[in-house]
Amino acid sequence: MDKNCIFCKIISGEIPKEFAFENADIVAFSDIRPIKPVHLLIVPKIHITDFTKLENDLILGKIRIAILGLIEQNKLTDKGYRIVVNGGGAQAVDHLHFHLTGPWGKAAEL
Ligand code: 5GP
Ligand code: ZN
């Protein structure tokens, strides 16, 4: 928990937010400025600042499973989705998160 971190505040409930997914290690919630009808942020509860600081493959595996469920729930399986992690200074929020966005359509239609 980093007291200055907006995502830590959402995870702790200090800033109320409905979660699309939650388990002991991971939460997912909608992005405040969605770029697509589905724009979810999949976030480890532990405050990890950047992808390069993620040393725990167990967390990565749990994020993978959470994202798989959200792809299915949001009917993106064959509608085109993107999973994006910004880092190395390209990120606005210094608490690791995966963006799941879609539908993007098929590559041939883009
Ligand atoms: P980044 O550029 O760090 O990969 O993306 C950060 C994302 O967090 C942005 O897409 C931004 O819209 C989103 N965001 C920033 N502050 C908040 C917030 O308070 N609540 C929610 N739900 N999303 C936020
Ligand atoms: Zn944080």
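Residues numbered from 1 in each chain as written. Chains lettered and ligands numbered in written order. Predicted model: local features only at pLDDT ≥ 70, side-chain atom pairs only at ≥ 80, totals over all residues. Heavy atoms only, no water.

**Looking at the pairing of strand 2 (residues 26-30)**
Part 1: For strand 2, the tally of buried residues reaches 4 of 5 residues, placing the bulk of the element in the interior.
Part 2: Hairpin remark: strand 1 (residues 21-22) followed by strand 2, antiparallel, with 3 residues in the connecting loop.
Part 3: In this structure, strand 2 lies alongside strand 3 (residues 38-44), joined through 5 bridges in antiparallel fashion. From the neighbouring strand, Phe29 faces strand 3, where its bridge partner is Leu41. (Buried < 20%, exposed > 50% of the residue type's maximum accessible area, 1.4 Å probe, protein only. Helix = DSSP H or I, 4+ residues; strand = E, 2+ residues; numbered from the N terminus. Pairing = 2+ DSSP bridges.)

**Concerning the packing of aromatic side chains**
Part 1: This model, assessed by the stated rule, comprises 3 aromatic pairs.
Part 2: When the ring of Phe7 is compared with that of Phe29, the centres are 5.4 Å apart and the planes differ by 80 degrees; the resulting orientation is edge-to-face. Within this pair, whereas Phe7 is found in helix 1 (residues 6-12), its partner Phe29 is found in strand 2, the two being separated by 22 residues in sequence. Across this residue pair, the class does not change: Phe7 and Phe29 are buried.
Part 3: When the ring of Phe19 is compared with that of Phe29, the centres are 6.3 Å apart and the planes differ by 40 degrees; the resulting orientation is tilted. Separated by 10 residues along the polypeptide, Phe19 in the loop between helix 1 and strand 1 and Phe29 in strand 2 bring together distant segments of the chain.
Part 4: What makes Phe19 partly exposed here is its relative accessible area of 23%.
Part 5: On the basis of relative accessible area, Phe29 is assigned to the buried category, the value being 2%.
Part 6: Aromatic rings pair up to connect Phe7, Phe19 and Phe29 into one cluster.
Part 7: Residue placement shows Lys36 over the ring face of Trp104; its charged tip is 4.5 Å from the ring centre.
Part 8: Positioned above the aromatic ring of Trp104, the side-chain terminus of Arg82 is 3.7 Å from the ring centre. (Phe/Tyr/Trp six-rings, centres within 6.5 Å; stacked < 30°, edge-to-face > 60°. Lys NZ or Arg CZ within 6 Å of the ring centre and 35° of its normal.)

**Focus: the nonpolar core**
The nonpolar side chains of a soluble globular protein tend to be buried, and buried together.
Part 1: Counting residues in each nonpolar core, the largest one holds 17 residues, and the members touching the most others are Ile42, Ile63, Ile67 and Leu100.
Part 2: Those elements that provide at least two residues to this core are strand 2, strand 3, helix 2 (57-73) and strand 5 (98-102).
Part 3: Those residues in contact with Leu100 that sit more than four places away from it in its chain are Val38, His39, Leu40, Ile42, Ile67, Leu70, Ile71, Leu76, Tyr81, Arg82 and Ile83.
Part 4: Core analysis: the second largest hydrophobic core is formed by 10 residues, Phe7, Ile10, Val27 and Phe29 among them. (Core = buried A, V, L, I, M, F, W, Y, C linked by side-chain atoms within 4.5 Å. Contact = heavy atoms within 4.5 Å.)

**Description of the coordination of the zinc ion (ligand 2)**
Part 1: Around the zinc ion (ligand 2), the donor atoms from the protein are Cys5 (SG), Cys8 (SG), His47 (ND1) and His95 (ND1), and they sit 2.0 to 2.3 Å away.
Part 2: Classification of the site at the zinc ion (ligand 2) rests on its 4 donor atoms, whose angles at the metal span 105 to 115 degrees, yielding the label tetrahedral.
Part 3: Sequence spacing of the donor residues for the zinc ion (ligand 2), all on one chain, is C-x2-C-x38-H-x47-H. With Cys8 in helix 1 and His95 in the loop between strand 4 (82-84) and strand 5, this residue pair connects regions lying 87 residues apart in the sequence.
Part 4: Residue class for Cys8 comes out buried when judged on its relative accessible area of 2%. (Donors = N, O, S within 2.8 Å, 3.2 Å for Na, K, Ca; no water. Tetrahedral: all angles 85-135°; square planar, octahedral: opposite > 155°, others 65-115°.)

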